[in-house]
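Observations on chain architecture
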Amino acid sequence: MSFVKLTASALAISAMSVTAAAARDQVQVAGSSTVLPYASIVAEAFGENFDFPTPVVESGGSSAGLKRFCEGLGENTIDIANASRKIKDTEITACAEAGVKEIVEVRIGYDGIVFASQIDGPALTAFEPVDLFNALGEKIVKDGTLVENTNTKWSDFNSALPDVDIAAFIPGTKHGTREVFETKVLEAGCKEAGAYDLFMAENGGDKKAAAKACYEVRTDGVSIDIDGDYTETLARIQSNPNGVGVFGLAFYENNTDTLKTATVSGVEATTESIATGEYPVSRPLYFYIKKAHIGVIPGLQEFADFFVSDDIAGPDGPLAEYGLVSDPELADTQEAVASGTAMMN
């Protein structure tokens, strides 16, 4: 199935109560750039196979999508937020305060985060989390103390890595991928390097403060936040032969003609290693539905059911073909979506 990035409808939609009889006729979705291609594939197929208009699917990042989702109820708000992380308690509270009190959480499958570089570039093909922390962390450990990070080449801290300049392009803070990168790469590397214990000592044993210190990345141009989607990261790598970018596995698998990936802790990112949990940097992917919009926005229930159907989200469906690792508990998700089971607050 061909991949189509859908754009917002030119039709102006008037704001009105969610209970209004004459609802808009297009499902509206926004959020994670990782989930974007999957949602777009489903939206295209839905428009082709159902008597409903093709849903409008936009990107913007998990946090931005959930912020829009929590703006309230009604036709001038989105129906679904895509996310590459679970919704936060603070976001659930913000939703409730705006009237979005019942949310259906839908886990669509799993994805891995990979570290990719130009296919013909330097041999940046094997990383440990500690390597990435020593390359990108704002403060690192030298001679048992925390110091500002002045490493300029990968070989400065690991002689097995290429003697080339560090140039990393990582997801900006509004992306759900950034949070996974922070917890599963930076924090893991921080602990391995011994920095976490030193941050703990600096912060009176406060674990949250120590973890937050591990997440701080240098601001001297070596680590660049990418606020756009993966195509922007790809463009940066294409213009920098030493560049390393953070991508979802599915995006990489659709760009293997130009990119190569590095193993993490000796494990290659594949659908198999993600499904078994062997690959250390993987995460579930979600979308969230406003239950109050079901039955009001035409096609919303049908779109959600279609998205998680075996034919679409199963191991032999088009989402798996694009790179999604099918959820082994998909049947439970299907049941929850069909019944409109809301999250427990």
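Everything numeric here is computed off the predicted structure, so don't read it as measured data.

**Structural notes on the overall build of the protein**
From N to C terminus, the protein includes 14 helices and 13 strands. In terms of C-alpha radius of gyration, the protein reaches 21 Å, essentially the compact-globule figure of 20 Å for 345 residues. Dimensions of the protein along its principal axes, counting C-alpha atoms only, are 70 × 45 × 35 Å. Here the protein holds 345 residues, and the buried ones make up 52% of them. Long-range contacts, defined here as pairs at least 24 residues apart, represent 75% of the contacts in the protein between residues at least 6 apart. When the accessible surface of the protein is summed, it comes to about 14600 Å², and 49% of that surface belongs to carbon and sulfur atoms. Counting 25 positive and 51 negative side-chain charges, the protein places the centres of these two groups 8 Å from one another.

**Some words on the confidence of the model for the protein**
Per-residue pLDDT for the protein has a mean of 91; in total, 93% of the residues score no lower than 70. Low pLDDT, under 50, characterises residues 1-22; the stretch is placed with 41 contacts to residues that sit more than four places away or in other chains.

**Some details on the packing of aromatic side chains**
Summed over all chains, the structure comprises 16 aromatic pairs. Here the aromatic rings of Phe46 and Phe52 are separated by 5.9 Å at their centres, their planes lie at 5°, and the arrangement is stacked. When its relative accessible area of 0% is taken as the criterion, Phe46 is described as buried. With a relative accessible area of 24%, Phe52 lands in the partly exposed category. Between Phe287 and Phe307 the ring centres are 4.7 Å apart and the planes differ by 45°, which places this aromatic pair in the tilted class. Of the two residues, Phe287 sits in strand β13 (residues 282-290) while Phe307 sits in helix α11 (residues 300-307), which places them 20 residues apart along the sequence. In this structure an aromatic cluster arises from ring pairing among Phe46, Phe50, Phe52, Phe287, Phe303, Phe306 and Phe307.

**As for the nonpolar core**
Among the nonpolar cores identified, the biggest contains 41 residues, and Phe115, Phe127, Trp154, Phe181, Phe247 and Tyr279 are the most heavily contacted of them. Elements with a contribution of two residues or more to this core: β4 (103-118), α4 (129-136), β8 (167-171), α5 (176-193), α8 (230-238), β10 (243-248) and α9 (249-253). When sequence neighbours within four positions are dropped, the list of residues in contact with Phe181 reads Ile113, Phe115, Leu136, Ile170, Leu186 and Val246. The next biggest cluster of nonpolar side chains, apart from the first, holds 34 residues, and it includes Tyr38, Val106, Phe287 and Leu300.

**With respect to the state of the cysteines**
Applying the stated criterion across every chain, the model contains 2 disulfides. Here Cys70 engages in a disulfide with Cys95; their sulfurs sit 1.9 Å apart. One quick way to see it: the torsion about the S-S bond of Cys70 and Cys95 is about -75°, and its sign makes the bridge left-handed. Of this pair, Cys70 sits in the loop between α2 (62-69) and β3 (80-83) while Cys95 sits in helix α3 (residues 89-97), placing them 25 residues apart in sequence. Between the sulfur atoms of Cys190 and its disulfide partner Cys214 the distance amounts to 2.1 Å. Note on the Cys190 and Cys214 pair: the S-S dihedral is about -60°, so by sign convention the disulfide is left-handed. One end of the pair, Cys190, is in helix α5; the other, Cys214, is in helix α7 (residues 207-215), and 24 residues separate them in sequence. Here Cys190 matches Cys214 in class, with each residue buried. What connects to what in the protein, once the bonded cysteines are numbered by sequence position, is 1-2, 3-4.

Cut-offs applied
Residues numbered from 1 in each chain as written. Predicted model: local features only at pLDDT ≥ 70, side-chain atom pairs only at ≥ 80, totals over all residues. Heavy atoms only, no water. Helix = DSSP H or I, 4+ residues; strand = E, 2+ residues; numbered from the N terminus. Rg over C-alpha atoms; globule rule 2.2 N^0.38 Å. Buried < 20%, exposed > 50% of the residue type's maximum accessible area, 1.4 Å probe, protein only. Contact = heavy atoms within 4.5 Å. Areas by Shrake-Rupley, 256 points an atom, 1.4 Å probe, with all protein chains shown as cover. Lys, Arg positive; Asp, Glu negative; His and termini not counted. Charge placed at Lys NZ, Arg CZ, Asp CG, Glu CD. pLDDT = per-residue confidence, 0-100. Phe/Tyr/Trp six-rings, centres within 6.5 Å; stacked < 30°, edge-to-face > 60°. Core = buried A, V, L, I, M, F, W, Y, C linked by side-chain atoms within 4.5 Å. Disulfide = S-S within 2.5 Å.

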